[in-house]
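Okay, here's what each chain looks like letter by letter:
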Amino acid sequence: MDRATWSSRLGFVMAAAGSAVGLGAIWKFPYVTAQNGGGIFLFAYLLTVFTMGISVMIAEMAVGQISQKSPVGAYRFFGGISWSAVGYTGVLCGFLILSFYSVVGGWTIFYFVKSVQGSVITSDVVQLRRVFEVFVHDPFEPLWYHGAFIALTAAVVLSGVQQGIERVSKVLMSLFFLLILILIVRSLTLPNAMEGLVYFLMPDFGSISARMALEALGLAFFSLSLGMGCMLTYGSYVSDDTNIASSAAYVVGLTVLSCIMSGLMILPAVFSIGLDPAEGPGLTFMTMPAVFAHMGGAQFFAALFFFLLFVAAITSAVSLLEVVVSFLIDEFAVSRTRAVILMTALIFILGVFASLSLGIWGGYTLFGMNLFEQLDYVTCHIMMPFGGVMISLLVGWKIWGPVSRRLSGADGAAYWWFGIFRSFCRYIAPFLILLVLVFQHVRA
Ligand code: TRP
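Predicted model, so just to flag it, every value in this text is computed and none were measured.

(A) Summary view of the side chain of Ser316. Its place among the elements puts Ser316 in helix 14 (residues 298-332). Judged by its relative accessible area of 4%, Ser316 falls in the buried class. With near-sequence residues (within four places) excluded, Ser316 lies in contact with Gly18, Ser19, Ala20, Val21, Gly22 and Tyr101.

If you want it as structure tokens, here you go:
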């Protein structure tokens, strides 16, 4: 069977970056950084991304490129039946992520609609918090938006217009970067903004903890779309002669850039308007309207921002749904339409519970976390790191030969970093990830 391929390496890099850059960078990164002490967390995040992150990214893409299969098939192909369990875990992980991702994706639509109406733009902290909380706690309203988001994601996956979407999103993402640059300037020139800048960029090495290492690991994997087979699937559409390693480096670079830009945009403004930096998942949504309130053309900029955030989110959501759907198609030979409808319905239902757990069902907690937090925790702090360990072990021990041959230059020569990469796959990444996992989970 002929497999679809990306038209060029640029197409591949843009698609992978479209998957990586999304709510992770703009919504999650700022509040997780703020909850974990600012500069020191940025330091831990960057350290993780440029070691484990890039190594796991290359490993995933290479396994996809060589096997030309989606996760379950790829693991089975290389490791036999027992390894296919890793692929199943990845698919489940994608399913779980999407259920809460879509809820937050819905928030972007809500804020877009409200910005168009001009009704959320204010710099009054009490009001900013109230808008967010009243909306999120409402038993019905967020569900409509969540439904709209997952339905739009499904429509893209169903019509197979990803390629078209990628083309449009290239333009829109460039526009997003430009807009964020403008917003950074505005944010940094607000009164007291410097306090936030120092908080974001100056590490306080006294506050290092095991908990923080796990958060950094989870966010690194989440923001780079790693550990569940997403990059593996994208890699499987790559032609044989595409250079995986440099593509991975570009994707990592673009993601890190978006995270840092997002931090520069949000955190100075947080300190300026006097919000609590550890506000949690509402941070980006509460802060940005205040930044707009201090600009000319507030309504226009607000609507544009939330629209572009929505676009960034949907390109990521599409990559998640694609993994789940292609699993059903490959393993159970169902039609694409059926697979999309079934999965979208299930994801919607789980998302409804996740959304309600932030409001009227907030009282139901397990280990002190509501369902929304649990979905986030289990995927980012257990399943994705586990996936990272397994892909590393697979590449380092079982298929190093084919992988290194594939990664070699046209003349078949090894690159200087092969030895480092192999040590990362064999020992360093699995050891460090397991260490962080065990430390955090067994500690209590
Ligand atoms: N990286 C995306 C974001 O930051 C989310 C995402 C897409 C993802 N695909 C993934 C996260 C695969 C983990 C695994 O918004």
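(B) View of the site of the ligand. The local shell around the ligand holds 17 residues, among which Ala20, Gly24, Tyr101, Phe222 and Ser225 are the closest. Measuring from an oxygen atom of the ligand, one finds a side-chain N or O atom of Tyr101 at 2.4 Å. Within the backbone of Ser223, an N or O atom sits 3.4 Å from a nitrogen atom of the ligand. Compared with its free state, where it exposes 360 Å², the ligand has 100% of that area covered by protein. In a pocket analysis with a 2 Å cut-off to the grid points, the ligand is assigned to the largest cavity. Of all the elements in the fold, those that place two or more residues in the shell around the ligand are helix 1 (9-20), helix 2 (23-35), helix 5 (81-117), helix 10 (210-223) and helix 14. By residue number, the principal contributor to the shell around the ligand is helix 14, which donates 3 residues.

(C) Region of interest: helix 6 (residues 125-137). When the terminal C-alpha atoms of helix 6 are compared, their 18 Å separation across 13 residues agrees well with the 18 Å that a helix rising 1.5 Å per residue should span. Listed in full, the buried residues belonging to helix 6 are Val125, Leu128, Val131, Phe132, Phe135 and Val136. For helix 6, the angular spread of the buried residues around the axis is 140°, confining them to a single face. Exposed side chains of helix 6 directed beyond 90 degrees from the buried face belong to Val126 and Arg130. The opening residue of helix 6, the one whose side-chain oxygen lies 3.1 Å from the backbone nitrogen of Val126, is Asp124.

(D) Layout of the pattern of salt bridges. Inspection of the entire model under this criterion finds 6 salt bridges. With a shortest N-O distance of 2.8 Å, Glu331 and Arg76 are connected by a salt bridge. With Glu331 in helix 14 and Arg76 in helix 4 (residues 71-79), the pair connects residues that are 255 residues apart, well separated along the chain. Note that Glu215 is salt-bridged to Arg211, the shortest N-O span being 2.6 Å. Here Arg211 and Glu215 lie together in helix 10, a separation of 4 residues that amounts to about one turn. A relative accessible area of 36% places Arg211 in the partly exposed class.

(E) Region of interest: the packing of helix 14 against helix 15 (residues 336-356). Orientation of helix 14 relative to helix 15, taken along the N-to-C sense of each, is 130°, at an axis distance of 9 Å. When the axes of helix 14 and helix 15 are compared, the pair comes out oblique. The crossing of helix 14 and helix 15 is right-handed. Between helix 14 and helix 15, the residues in contact are Leu321, Glu322, Val324, Val325, Leu328 and Ile329 and Arg336, Ala339, Val340, Leu342, Met343, Thr344 and Ile347, respectively. Grouping the amino acids of the contact of helix 14 with helix 15 by side-chain chemistry returns 10 nonpolar, 1 polar and 2 charged.

Reading the values: the criteria
Residues numbered from 1 in each chain as written. Predicted model: local features only at pLDDT ≥ 70, side-chain atom pairs only at ≥ 80, totals over all residues. Heavy atoms only, no water. Helix = DSSP H or I, 4+ residues; strand = E, 2+ residues; numbered from the N terminus. Buried < 20%, exposed > 50% of the residue type's maximum accessible area, 1.4 Å probe, protein only. Contact = heavy atoms within 4.5 Å. Near = heavy atom within 4 Å. Polar contact = N/O pair within 3.5 Å; in protein donor to acceptor, adjacent residues only side chain to side chain. Areas by Shrake-Rupley, 256 points an atom, 1.4 Å probe, with all protein chains shown as cover. 1 Å grid on protein atoms, 1.4 Å probe; cavity = no way out; pocket = protein on both sides within 12 Å on 5 of 7 lines; lining within 4 Å. Sits in = over half its atoms within 2 Å of the grid points. Expected span 1.5 Å × (residues − 1). Arc of directions from axis to C-beta. Salt bridge = Lys/Arg side-chain N within 4 Å of Asp/Glu carboxyl O. Axes fitted to C-alpha atoms, helices over the stretch in contact; angles between N-to-C directions. Parallel < 35°, antiparallel > 145°, perpendicular 65-115°, else oblique. Left-handed = near helix turned anticlockwise from the far one by under 90°. Nonpolar A, V, L, I, M, F, W, Y, C, P; charged D, E, K, R; others polar.

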